[in-house]
Amino acid sequence: MKDEVALLATVTLLGVLLQAYFSLQVISARRTFRVSPPLTTGPPEFERIYRAQVNCSEYFPLFLATLWVAGVFFHEGTAALCGLIYLFARLRYFQGYARSAQFRLAPLYASARVLWLLVALAVLGLLGHFLPISLGVALHGRLRMLLPGTRD
Amino acid sequence: MKDEVALLATVTLLGVLLQAYFSLQVISARRTFRVSPPLTTGPPEFERIYRAQVNCSEYFPLFLATLWVAGVFFHEGTAALCGLIYLFARLRYFQGYARSAQFRLAPLYASARVLWLLVALAVLGLLGHFLPISLGVALHGRLRMLLPGTRD
Amino acid sequence: MKDEVALLATVTLLGVLLQAYFSLQVISARRTFRVSPPLTTGPPEFERIYRAQVNCSEYFPLFLATLWVAGVFFHEGTAALCGLIYLFARLRYFQGYARSAQFRLAPLYASARVLWLLVALAVLGLLGHFLPISLGVALHGRLRMLLPGTRD
């Protein structure tokens, strides 16, 4: 089992490290802009960094779920490569958002495109898994109707 | 391995698509009510849609974790069916919350009941996995005490 | 497969139950301090309980991902034990934060230390998986260069 998911596990761990980096950036911004927990509002610079981290956190479970379904049912290497591109786009999104709300857009769209690609691979993988089964069942039924001798 | 988790993977992917739909609704509400990121406050209509999406995002990892433990250790088809019902309840919750805070309640309680059912199935599945092992160990110990000849 | 992940699945389910407990505490605090959804601001007592739950929710996917990679690629029992300690630290964090922002710090640092330990175990596990493969490939290449007769 391990051999078929080692690349997915590696990308997963890189994603965890990226999210940890975002969290540390928020802690650092809390100190710089003197925004003590439980507050989450403050100067726009702080709010942008905070929102960038929250947005990446919200998408992280969607990313992991899609990465693994695509990797197990379509192709592990392709899914892992898409995963790396997604994480890189998210890093640029975070850095862009920290500078201005405008700079977050290009990498945000890039990350969304990769995520939709992973969703498409996952759909293809699941279709490739279920269609042969249902086609097989349908063909089996047809054959039994065509060949009366095999009816039981 | 794939055959035992294909239904769980399908429900997982449907869940990702539902969360993507919620996110697109928030983006659309941001335009309608002119609430630009990083702001998350605005007219009550916007705040309800935003909170509905945040609440569904918060529960998504809990849902996925419970779905998979119940599906692997209890029964895949039963867990996948509960998963579909949960996602449908979450869709009605989101649509209800967008209309009024009151309308979110009935589907929210429905989604909570299905999630607790999945938790119960997961607990049963894990008990069914561990109890035979510990019963076996206990029985083995008893038998060795009753049959002195087998002591070693 | 089940035998190799049953402990991880148990810790995962305990984590889901802990998150459910935190959510119920927020619902109870909403009633006590009369903060109706979609509002998330109110008296500091309410905001601390709310932020404690949000923070635990944000880290839950990171925790699960690291727990499973460490448990599958390093050692299941060790990862599960670290997972139990992490969940206990998160419970003390929640209870501490409900009392004061200061009391959240010690258990927060404890939970961070256990999470980094899980990350380290996961990295070691993945290195232990990939290094033998790449070492094997490298050795195989060297041997083929040293033994001209085996070139093909």
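See above for the structure.
Rules of the game
- Residues numbered from 1 in each chain as written.
- Chains lettered and ligands numbered in written order.
- Predicted model: local features only at pLDDT ≥ 70, side-chain atom pairs only at ≥ 80, totals over all residues.
- Heavy atoms only, no water.
- Least-squares fit on C-alpha atoms with pLDDT ≥ 70 in both.
- Contact = heavy atoms within 4.5 Å.
- 1 Å grid on protein atoms, 1.4 Å probe; cavity = no way out; pocket = protein on both sides within 12 Å on 5 of 7 lines; lining within 4 Å.
- Points joined across faces, edges and corners; volume = space filled by probe spheres on them.
- Helix = DSSP H or I, 4+ residues; strand = E, 2+ residues; numbered from the N terminus.
- Nonpolar A, V, L, I, M, F, W, Y, C, P; charged D, E, K, R; others polar.
- Phe/Tyr/Trp six-rings, centres within 6.5 Å; stacked < 30°, edge-to-face > 60°.
- Lys NZ or Arg CZ within 6 Å of the ring centre and 35° of its normal.
- Core = buried A, V, L, I, M, F, W, Y, C linked by side-chain atoms within 4.5 Å.
- Buried < 20%, exposed > 50% of the residue type's maximum accessible area, 1.4 Å probe, protein only.

## A word on the relation of the copies chain A and chain B
Two copies of the chain are present, and they differ by a rotation about an axis and a shift along that axis.
Part 1 of the argument: Mapping chain A onto chain B leaves a residual RMSD of 0.1 Å; the transformation is a rotation of 120° accompanied by 0.0 Å of translation along its axis. Both copies of the chain, as the preceding transformation shows, are related through a three-fold rotation axis. Of every C-alpha in chain A, the one belonging to proline 61 of chain A sits nearest the axis of rotation, 3.7 Å from it.
Part 2 of the argument: Mapped onto chain B, only 9% of the interface residues of chain A are again interface residues, and the two copies thus contact each other with different surfaces.

## Remarks on empty space enclosed by the protein
Part 1 of the argument: Applying the stated criterion across every chain yields a total of six cavities of 30 Å³ or more.
Part 2 of the argument: The computed volume of the largest cavity comes to approximately 1,000 Å³.
Part 3 of the argument: When contributions to the lining of the largest cavity are tallied by element, the ones reaching two or more residues are helix H1 (2-32) and helix H2 (44-73) of chain A, helix H1 (2-32) and helix H2 (44-73) of chain B together with helix H1 (2-32) and helix H2 (44-73) of chain C.
Part 4 of the argument: Across the lining of the largest cavity, the residue classes tally to 29 nonpolar, three polar and no charged.

## Some remarks on the packing of aromatic side chains
Residue and element names in this part refer to chain C.
Part 1 of the argument: Scanning the model with the defined rule gives 21 aromatic pairs over all chains in all.
Part 2 of the argument: With centroids separated by 6.0 Å and ring planes inclined at 55°, the aromatic side chains of tyrosine 21 and phenylalanine 22 adopt a geometry described as tilted.
Part 3 of the argument: The positively charged end of arginine 90 is found above the aromatic ring belonging to tyrosine 93, 4.9 Å away from the centroid.
Part 4 of the argument: In this structure, arginine 104 packs its charged tip against the face of tyrosine 97, placed 5.2 Å from the ring centre.

## Some thoughts on the nonpolar core
Part 1 of the argument: Ranked by internal contacts, the top residues of the largest apolar core, which has 134 residues, are Phe63 and Phe73 of chain A, Phe63 and Phe73 of chain B together with Phe63 and Phe73 of chain C.
Part 2 of the argument: Other than its neighbours up to four places away in sequence, phenylalanine 73 of chain A contacts Gly125, Leu126 and His129 of chain A together with Lys2, Val5, Ala6 and Ala9 of chain B.

## Focus on the side chain of glutamine 19 of chain A
Part 1 of the argument: By the element assignment, glutamine 19 of chain A lies in helix H1.
Part 2 of the argument: Accessibility expressed as a relative area gives 5% for glutamine 19 of chain A, which makes it buried.
Part 3 of the argument: Each residue touching glutamine 19 of chain A, except ones within four places of it in the same chain, is listed here: Gln53, Cys56, Ser57 and Phe60 of chain A together with Leu62 of chain C.

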